[in-house]
Amino acid sequence: MKRRILGTAAIAITVVAVLSIGTYVLMNSRTHQIAGRLVHRVDTDRKVVALTFDDGPTDRTPDILETLAAQHVPATFYLVGRDLAAHREQGARIAAAGHEIGNHSYTHRRLVFVTPATVAAEVERTDAEIARTGYRGPVTFRPPYGKKLVTLPRYLSRNDRTTVMWDVESDSTGGAGTDAIVSGTVNRVRPGSIILLHAMYQPAAVAAIPRIITELRSRGYDFVTVSQLIAGPKPAGM
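Heads up: these notes are all about the structure in this document. (Residues numbered from 1 in each chain as written. Predicted model: local features only at pLDDT ≥ 70, side-chain atom pairs only at ≥ 80, totals over all residues. Heavy atoms only, no water.)

## Points about unusual backbone geometry
A negative phi angle characterises most non-glycine residues, just as the trans form characterises most peptide bonds.
And step 1. Of the consecutive residues Gly56 and Pro57, the connecting peptide bond is found in the cis state with omega at 10 degrees.
And step 2. Take Pro57: it is sitting in the loop between strand E2 (48–54) and helix H2 (61–71).
And step 3. Located in the positive-phi region is Phe113, a residue other than glycine, with phi close to 55 degrees.
And step 4. Locating Phe113 in the fold gives a position in the loop between strand E4 (100–103) and helix H5 (116–132).
And step 5. Classification of Phe113 by relative accessible area gives exposed; the value is 69%.
And step 6. One non-glycine residue, Asp160, lies in the positive phi region at around 55 degrees.
And step 7. Tracing the sequence through the fold places Asp160 in the loop between helix H6 (151–158) and strand E5 (163–164). (Helix = DSSP H or I, 4+ residues; strand = E, 2+ residues; numbered from the N terminus. Buried < 20%, exposed > 50% of the residue type's maximum accessible area, 1.4 Å probe, protein only.)

## A look at the environment of Ile213
And step 1. Looking at the secondary structure, you find Ile213 in helix H8 (residues 203–218).
And step 2. Take Ile213: its relative accessible area is 0%, and that puts it in the buried class.
And step 3. Residues within four places of Ile213 in sequence aside, it is in contact with Leu68, Gln71, Val73 and Phe223. (Contact = heavy atoms within 4.5 Å.)

## Observations concerning the packing of aromatic side chains
And step 1. Going through the model one piece at a time under the given rule, you end up with one aromatic pair.
And step 2. In this arrangement the basic side chain of Arg110 is found over the ring face of Tyr145, its NZ or CZ atom lying 3.9 Å from the centre.
And step 3. Positioned above the aromatic ring of Tyr106, the side-chain terminus of Arg125 is 3.8 Å from the ring centre. (Phe/Tyr/Trp six-rings, centres within 6.5 Å; stacked < 30°, edge-to-face > 60°. Lys NZ or Arg CZ within 6 Å of the ring centre and 35° of its normal.)

## Regarding H2
And step 1. When H2 is considered as a whole, its buried residues turn out to be Thr61, Pro62, Ile64, Leu65, Thr67, Leu68 and Gln71.
And step 2. Elements that come into contact with the buried residues of H2 comprise E2, strand E3 (76–79), helix H4 (88–96) and H8.
And step 3. Following H2 by one or two positions, His72 adopts a phi angle in the positive range, close to 55 degrees.

## Some details on the packing of H2 against H4
And step 1. One way to put it is that H2 packs onto H4 with a least axis distance of 10 Å and a crossing angle of 10 degrees. Here H2 lies roughly parallel to H4, going by the angle between them. Facing H2, whose interface residues are Thr61, Pro62 and Leu65, H4 presents Gln90, Arg93 and Ile94.
And step 2. Looking at the contact of H2 with H4 residue by residue, the classes come out as three nonpolar, two polar and one charged. (Axes fitted to C-alpha atoms, helices over the stretch in contact; angles between N-to-C directions. Parallel < 35°, antiparallel > 145°, perpendicular 65-115°, else oblique. Nonpolar A, V, L, I, M, F, W, Y, C, P; charged D, E, K, R; others polar.)

## A few points about the pattern of salt bridges
And step 1. Enumeration according to the criterion identifies seven salt bridges in this entry.
And step 2. For Asp179, the salt bridge identified is with Arg211, shortest N-O distance 2.8 Å. Here the residue Asp179 occupies a position in helix H7 (residues 178–186), and Arg211 occupies one in helix H8, the gap between them amounting to 32 residues.
And step 3. Residue classification places Asp179 among the exposed residues on the basis of a relative accessible area of 54%.
And step 4. Salt bridges sharing common partners tie together Arg88, Glu129 and Arg132. (Salt bridge = Lys/Arg side-chain N within 4 Å of Asp/Glu carboxyl O.)

## Some details on the layout of surface pockets
And step 1. By volume, the largest pocket amounts to about 210 Å³.
And step 2. Lining the largest pocket are 13 residues; nearest its centre among them are Tyr145, Gly146, Trp166, Glu169 and His198.
And step 3. For the lining of the largest pocket, a count of residues per class yields four nonpolar, five polar and four charged. (1 Å grid on protein atoms, 1.4 Å probe; cavity = no way out; pocket = protein on both sides within 12 Å on 5 of 7 lines; lining within 4 Å. Points joined across faces, edges and corners; volume = space filled by probe spheres on them.)

## Side note on the pairing of strand E7 (residues 194–197)
Moving residue by residue along a regular strand, the side chains alternate between the two faces of the sheet.
And step 1. Judged by which residues are buried, E7 turns out to be covered on both faces: Ile194 and Leu196 on one side and Ile195 and Leu197 on the other are all buried.
And step 2. When E2 meets E7, the two strands line up parallel, connected through four bridges. For Ala50, the partnering residue across the bridge sits in E7 and is Ile194.
And step 3. Sheet topology note: the strand E6 (residues 168–169)/E7 ladder contains two bridges and is parallel. In the strand pairing of E7, Val168 is matched with Ile195. (Pairing = 2+ DSSP bridges.)

In structure tokens, the structure reads:
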């Protein structure tokens, strides 16, 4: 009897461990989710990349916009709703400059193990703030911290929203210097890459932007927004 109980307990522990590991892997996956469309990179032979910025807007927004304007580069900004509410003039500047704006939730909380109502509020409140900027283009969604599990993907799928992750990120620790961000980015880029930078909060990432652009252009790359990257090239005559 004791041996049987121990065997049952071992099986139960194994099942729990497997489920826990599976949940963790799915929650953090950049390439898969349980429902809806997820894009972390576009499979293409064309040398095009999408430059994206997470969080904000903040007081560093004008510096980023100035750099992008000087280089004639379009970008995609995944903005946080409460930051947009606090810096509406900066959000309006992003929209007026012609960049794409994506939804990065309202509070930047981890949207796992939460209710459908919480997910809906986080997305829809941010949608409303994005609309106030004057932006009228496509709005994709990027999960805070890249984490998603069940409720968020189901909501996005039911509302025909694309989840956008990334395949190149060189400033996630916050301690990387400009040289490391530049080299870590340009050496990982492939055709169709989606580059993530946290320049709203990291001065080293701001300084890296023009160098990344210059280096990738020297390697033959062009820059597009996330939605342009997903859509692919237009047919001739379009």
